[in-house]
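A look at the structure
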Amino acid sequence: MKATMEWEQKCRRCGRCCFEKLDLDGEILYTDEPCEYLDPATRLCSVYPQRHTARPGCAPLTPEHLAMGILPADCPYVDGLPNYRAPRLRET
Ligand code: SF4
């Protein structure tokens, strides 16, 4: 439990990972479309404890998902990951 809390506390609650993403042949792009459960005022998930059931596409922050490049480069969860490739914004 303590390890889980320490892991969760790494999050700065910026909400930037809670925007829809596109996977273009392995390259992840951010869109400007927020998840329906992202509270725009607090930048927090409004269904956080149930997020994976409320939104089955919400990726857990496992090493495999982190390696896919779903978090911004300055996110604490990927800080220091070698060869980390952060998503870029989709050009409209
Ligand atoms: S981008 Fe990183 S710091 Fe920001 S909300 Fe997502 S997990 Fe937390």
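Quick caveat: nothing in here was measured; it's all calculated off a predicted structure.

The rules we used
- Residues numbered from 1 in each chain as written.
- Predicted model: local features only at pLDDT ≥ 70, side-chain atom pairs only at ≥ 80, totals over all residues.
- Heavy atoms only, no water.
- Helix = DSSP H or I, 4+ residues; strand = E, 2+ residues; numbered from the N terminus.
- Buried < 20%, exposed > 50% of the residue type's maximum accessible area, 1.4 Å probe, protein only.
- Lys, Arg positive; Asp, Glu negative; His and termini not counted.
- Salt bridge = Lys/Arg side-chain N within 4 Å of Asp/Glu carboxyl O.
- Polar contact = N/O pair within 3.5 Å; in protein donor to acceptor, adjacent residues only side chain to side chain.
- Contact = heavy atoms within 4.5 Å.
- Core = buried A, V, L, I, M, F, W, Y, C linked by side-chain atoms within 4.5 Å.
- Pairing = 2+ DSSP bridges.

Even without being glycine, Arg-13 reaches a positive phi, approximately 60°. The topology assignment puts Arg-13 in the loop between α1 (2-8) and β1 (19-24). With a relative accessible area of 42%, Arg-13 lands in the partly exposed category. Although it is not a glycine, Arg-43 adopts a positive phi angle of roughly 65°.

The subject of this paragraph is the side chain of Arg-51. Among the structural elements, Arg-51 can be located in helix α2 (residues 51-54). Salt bridges are absent for the buried Arg-51, whose nearest opposite-charge side chain, Glu-8, sits at 4.2 Å. For Arg-51, the side chain forms a polar contact with the main-chain oxygen of Tyr-48, separated by 2.7 Å. Once residues lying within four places of it in the same chain are set aside, the contact partners of Arg-51 are Glu-8, Cys-45 and Cys-58.

Let us now look at the nonpolar core. Formed by Leu-66, Ile-70, Leu-71, Cys-75, Tyr-77, Val-78 and Tyr-84, the largest nonpolar core amounts to seven residues. In this view, Leu-71 contacts Cys-17, Tyr-30, Leu-61, Leu-66, Tyr-77, Val-78, Tyr-84, Ala-86 and Pro-87; residues no more than four positions away in its chain are not counted.

In this fold, Pro-72 is placed in the loop between α3 (63-67) and β5 (88-89). Judged by its relative accessible area of 8%, Pro-72 falls in the buried class. Note: C-alpha distance between Pro-72 and Arg-88 (16 residues apart in sequence) is 8.4 Å. Not counting chain neighbours up to four residues away, the residues in contact with Pro-72 comprise Arg-16, Tyr-30, Val-78, Tyr-84, Ala-86 and Pro-87.

Below, the discussion takes up the pairing of strand β2 (residues 27-34). Two faces belong to every sheet, and in a regular strand the side chains alternate between them. By the bridge criterion, five bridges tie β1 to β2 in an arrangement that is antiparallel. Of the residues in β2, the one forming a bridge with Leu-22 is Leu-29. Between β1 and the antiparallel strand that follows it, β2, lie two residues; Asp-25 among them carries a positive phi value of about 50°. Taken together, the two bridges between β2 and β5 define a ladder with parallel strand orientation. Bridge assignment links Tyr-30 to a residue of β5, and that residue is Leu-89.

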